[in-house]
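Architecture and fold: a report
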Amino acid sequence: MRDPLVELSFDEVDSVLVGRIEGEIESINADQLRGALSQRLTNDTPGLVLDLTQAGYLDSAGVELLFDLARRLRTHRQQLRLVVPADAPMRRVLDLCDIEEVAPMDATVEAAIEVLREPGE
Amino acid sequence: MVDPEAEGAAPERAVPPEEVGEPAEGDPILGATIDALKRAAHGVEIEREVAETLQRSLLPKLPAIPGLKLAARYRPGSAETRIGGDWYDAIPLRGGKVGIAIGDVVGRGVQAAARMAHLQSALRAYALEALRPELVLERMNSFVLEGEKGGMVTLLYAIVDPDASTLQVATAGHPPPLILRPGGGPTFAEAPAGSPLGVNRFPSYAESLATLDPWSTVLLYTDGLVEGPELPLGEGLDGLRTTAEDVPAEPEGLCRALLSTVDSRAGSRDDLALLAIQLTPPGEVLSLATPAKPSSLALMRRAVAQWLRLSGASEAEVYEMLVACGEACANAVAHAHSAISDAQFEVQAERDGPQVQIVVSDGGTWRPPSEQGRGRGLPLMRELMDEVEIEPSAEGTTVTMRRRLREGGAA
């Protein structure tokens, strides 16, 4: 899926769904991104890893999208994990919104998958 | 480009000389012949008009991109050569880059224009895949070989990156771009000339990378500018470079000046397309007004980010102030949404010592962000900036944000 601002692609690693967002997430595309991500979610995955490494911009509409997605996954006992490099400027914005209360951040996709693969809570 | 094989549509055989004879009034044969001739002439004129209308309507509206200025011209050929298949395009790509193209389809009339439309769509599709210029040309070559009927096509495709100030260019038998730099003579960009599209099954297209200075202009053109009945290409290119020493680098002025000199230089009857693109970095004060539409937001952010970088903000500062400014802009667009359709919003940014001030103003009324499902926006703005003031008034809403840059930032 792609629009002029953002491109979304998926991968599956050990039954964990990995979504990669490249580009800019803002009010204009957040709703459709939410729709595209929700569509791919199934009940038999431990959760969704959302790779934001290449997401250059994310505003409050994007943060809202992440909260929605995390809540939705929670109701199915699944988890949303975000991949944001340790030095990415986006971290501060996500921290200010307390995103880790619903979606923990990892520095790499591998680290996020590792956590989700571990059985149990 | 004019195909020497192609015939004009004038029906030479419709009126053999012996049939004209002496003009006898009331001669039924002559009357019918004259009528047929008139209809044919009318048909030629209609075809010419159709072709020109088609060609013009197919040429794109140039995108508005902060930090870049674009202008283009298309001039149809003279009556004998009529419309050709010259075209240009400018395609906004992700990351603030722009794909620019110019091409030339051999042929004339409606067919050439229709074929140009075909190629234009294919080029746009490949360009939007964010492919490098040499790969765009490779795919266009296959497209022409496999699906297209008709003669040769030359094409130049380049990517302009205003942030990196670079021009990445590849050409398929098309003459090279001319670069006008401030304080330096015009030069042709080095562009290894690959074969025209549709000629070679295994063409090798190579691309070159040129660095542009701020305020440089890149000119793309078709051969009508540099080649004519009396003008070989080599001389035409030299002539263009010489002419370009005394013309404005500003794209509109450049196109106008080149069109006004082409007849005396090339004596050209071929059709002609020009596309000029100039890097216009923001000055010390950024002042932009754009339509209050959602699609303006990304363009506005790009301009603000470019200005912040030039003002010495670190990458983290750029990002955080960009989010704050983006929130204010998104609000401005949301306010204006229900109001008049040609509503605008404005962003002004300036730096005073270490302090950056960004002002976003619109003609709408401020609504609490929570009403718009943007409840996190305002608190985020307040966290990311040192000060945020919102002044609603009868005329509109003004949001003023200030933040001090950290020490050590470039002045």
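Read on for a plain summary of the structure. (Residues numbered from 1 in each chain as written. Chains lettered and ligands numbered in written order. Predicted model: local features only at pLDDT ≥ 70, side-chain atom pairs only at ≥ 80, totals over all residues. Heavy atoms only, no water.)

**A word on the pattern of salt bridges**
In plain terms, the rule: Any Lys or Arg side-chain nitrogen found within 4 Å of a carboxyl oxygen on Asp or Glu counts as a salt bridge. In this description a helix means any DSSP run of H or I spanning at least four residues, a strand means any run of E spanning at least two, and both kinds are numbered starting from the N terminus. Burial status follows relative accessibility: with a 1.4 Å probe on protein chains alone, a residue under 20% of its type maximum counts as buried, one over 50% as exposed, and anything between as partly exposed.
All chains considered together, the criterion is met by 25 salt bridges over all chains. As a salt-bridge pair, A:Asp68 and A:Arg34 come within 2.3 Å of each other at their nearest N and O atoms. Note that A:Asp68 is positioned in helix 2 (residues 60–75) and A:Arg34 in helix 1 (residues 27–40), a separation of 34 residues in sequence. With its nearest N and O atoms 3.3 Å apart, the salt bridge here joins B:Asp238 to B:Arg241. Taken together, the residues B:Asp238 and B:Arg241, both in helix 5 (residues 233–244) and three residues apart, mark about one turn of the helix. Taking relative accessible area as the criterion, B:Arg241 reaches 32% and is therefore assigned partly exposed. A single salt-bridge network, built from bridges that share partners, covers A:Glu24, A:Glu26, B:Arg301 and B:Arg302.

**A few points about the sheet that holds strand 12 (residues 286–291) of chain B**
Residue and element names in this part refer to chain B. Keep this limit in mind: What makes two strands pair is DSSP finding at least two bridges between them. Only C-alpha atoms enter the line fits that serve as axes; for helices the fit covers just the stretch in contact. Angles between N-to-C directions range over 0 to 180 degrees.
Pairing is antiparallel in the open sheet, where five strands are placed in the order 12-13-14-16-15. Sheet topology places strand 12 and strand 15 (387–392) at the edges, where each strand pairs with a single neighbour. Neighbour-to-neighbour, the strand axes of the sheet open up by a mean angle of 10°, direction not taken into account. Both strand 13 (residues 344–352) and strand 14 (residues 355–362) contribute to a ladder of eight bridges, which runs antiparallel. Paired with Val347 across the strands is Val360, a residue of strand 14.

**Some details on empty space enclosed by the protein**
Here is the rule: Within this scheme a cavity is a closed region of a 1 Å grid, computed over the protein atoms alone, that accommodates a 1.4 Å probe without allowing it to escape, whereas a pocket is open but has protein on both sides within 12 Å along at least five of seven lines; lining residues each have an atom within 4 Å of a point. Grid points are joined across faces, edges and corners, and a volume is the space filled by probe spheres set on the points. Here the term charged refers only to Asp, Glu, Lys and Arg, the term nonpolar to Ala, Val, Leu, Ile, Met, Phe, Trp, Tyr, Cys and Pro, and the term polar to all other amino acids, Gly among them.
Applying the stated criterion across every chain yields a total of one cavity of 30 Å³ or more. Estimated volume of the largest cavity: approximately 60 Å³. Class assignment for the residues of the lining of the largest cavity results in four nonpolar, three polar and two charged.

**A few points about the pairing of strand 15 of chain B**
Residue and element names in this part refer to chain B. The pairing of strand 15 with strand 16 (residues 397–404) spans six bridges and is antiparallel. Counted as the bridge partner of Glu391 is Thr398 from strand 16. Two successive antiparallel strands, strand 15 and strand 16, enclose a turn made up of four residues, where Gly396 displays a positive phi of approximately 155°.

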